[in-house]
Each structure stands twice: as C-alpha cells, then as structure tokens.
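# Descriptive structure summary
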Amino acid sequence: LFRSPMSALYDSEKKLQNDQKLFSRFISLGDNCEFGLIQREVGLELLDLFRFGGIRNIQNLIQAIDEDMRAFGREGDTELHETADGEWISTSNRYSVTFHTHRYTHDSSREDVRESEQKKLRYLARKTLEDLEEGTKILVRKSNDIITDDDARALYRAVRRHGKCPILIVTQSS
C-alpha cells in the first residue's frame, strides 16, 4: 500500500502527542535526572521538584515527604557548588538532594543563583505536595540501588499521608 509522506508525519505527530500526554502524568522521585531527560526527549518541560534532581537515599526521600518538604529552599539548607563545566549545582543539606540549576558561573553569580534556587525550590516543594494531595499523578521512584520491601512500604505510607498517587518503583533486582 502506498502511504503519503503527510500520513507518516501525522502518525509521528500523533505518537508524539500521545507520548507527551502519557509522560505528563508522571512525577519523578528518582535518584537522578534520567526520567526528566526522557520527558524532555518527548518535548515536555514540566515543573517538578525532582525532575532535574537526584535523591539517592530513599530514607531521605521519605523524610522529605514526612516533613512536608519544609527544608527545601530554606535559609541554611541550600548550598551551591560548581561542576567542572561551570554549572552551578544546588544541594539540599537536610535531604541530601542535588539539583541541576542549568545556570553557569560565567553568567550568574553564586548569590543570584542561591536566591533564585531557594525561591524555585520552595515553590516546587509546595507544588509537589499539591500534586500528591490531588492524587492524579503517577510517582516514579527509579533507583540504581536495591529498594527493599520495607523501604517501598515506608515510601507508600509517606505518600499516602498526602494523597492517593500510585507509585511505580523501578530498581535493581536483589
């Protein structure tokens, strides 16, 4: 059968729209920014706290949720350091989370980045809690480390304090 070039374009655009619709339903709780990169690959630029962050230790994630993410963006919690390529990386000391700022030392001062990161992290922490309460997003906890059944249950209980979001856990097999 002959297919016109326009039908191939329509099919790929429709597929892209379907991918965007699907991936917009997820919020990453991962140990790195891989899921955020997948969302970017399908053309999504969503505002999510952990999209370009990594919270390696699941106990720190559970603590952050249990504490209503209060420390994010607070004075004394946010520190900055620069990478070898000059990007400012933001760190939450309380929860041991690192975030890409997508800002660089050659065009942004440490104090300007710290101020905007603190504001951004406070906003995104509030937004994450609102998303949890709304209960319509699917949470993805991806980890290169093994997540035990006990850790998975503890994460489930922490999330359930806020709402009924389902959780997808992707981890190494034991």
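First, a word on scope: everything that follows refers to the structure included in this document.

Basis of the calculations
Going along each chain's sequence as written, the residues are numbered from 1 onward. Thresholds applied to this predicted model are a pLDDT of at least 70 for local features of residues and 80 or more for the giving and counting of side-chain atom pairs; totals over whole chains, interfaces and linings are not thresholded and use all residues. The basis for every side-chain value is the complete set of non-hydrogen atoms in the structure, without hydrogens or water. Relative accessibility decides the category of a residue: with a 1.4 Å probe and only protein chains considered, values under 20% of the type maximum give buried, values over 50% give exposed, and everything between is partly exposed. For helices the rule is a DSSP run of H or I covering at least 4 residues; for strands it is a run of E covering at least 2, with both sets numbered from the N terminus onward. Pairing between two strands requires that DSSP report at least two bridges joining them. Handedness rule for crossovers: strands pointing away from the viewer, path from the first strand over the helix to the second running clockwise, crossover right-handed.

## Side note on the pairing of strand S6 (residues 138–142)
- Counting buried residues in S6 gives 5 out of 5 residues, a clear majority hidden from the surface.
- Here S6 shows no split at all, with Ile-138, Val-140 and Lys-142 on one side and Leu-139 and Arg-141 on the other all buried.
- Summarising the sheet, strand S1 (residues 26–28) and S6 pair through 3 bridges and their orientation is parallel. In the strand pairing of S6, Ser-28 is matched with Val-140.
- Bridging between S6 and strand S7 (residues 167–170) involves 4 bridges; their strand directions are parallel. Residue Arg-141 lies in a different strand from S7, and its bridge partner there is Ile-169.
- Handedness of the β-α-β unit built from S6, helix H5 (residues 149–160) and S7 comes out right-handed.

## Some points on the environment of Lys-119
- Locating Lys-119 in the fold gives a position in helix H4 (residues 110–134).
- The exposure class of Lys-119 is exposed, given its relative accessible area of 55%.

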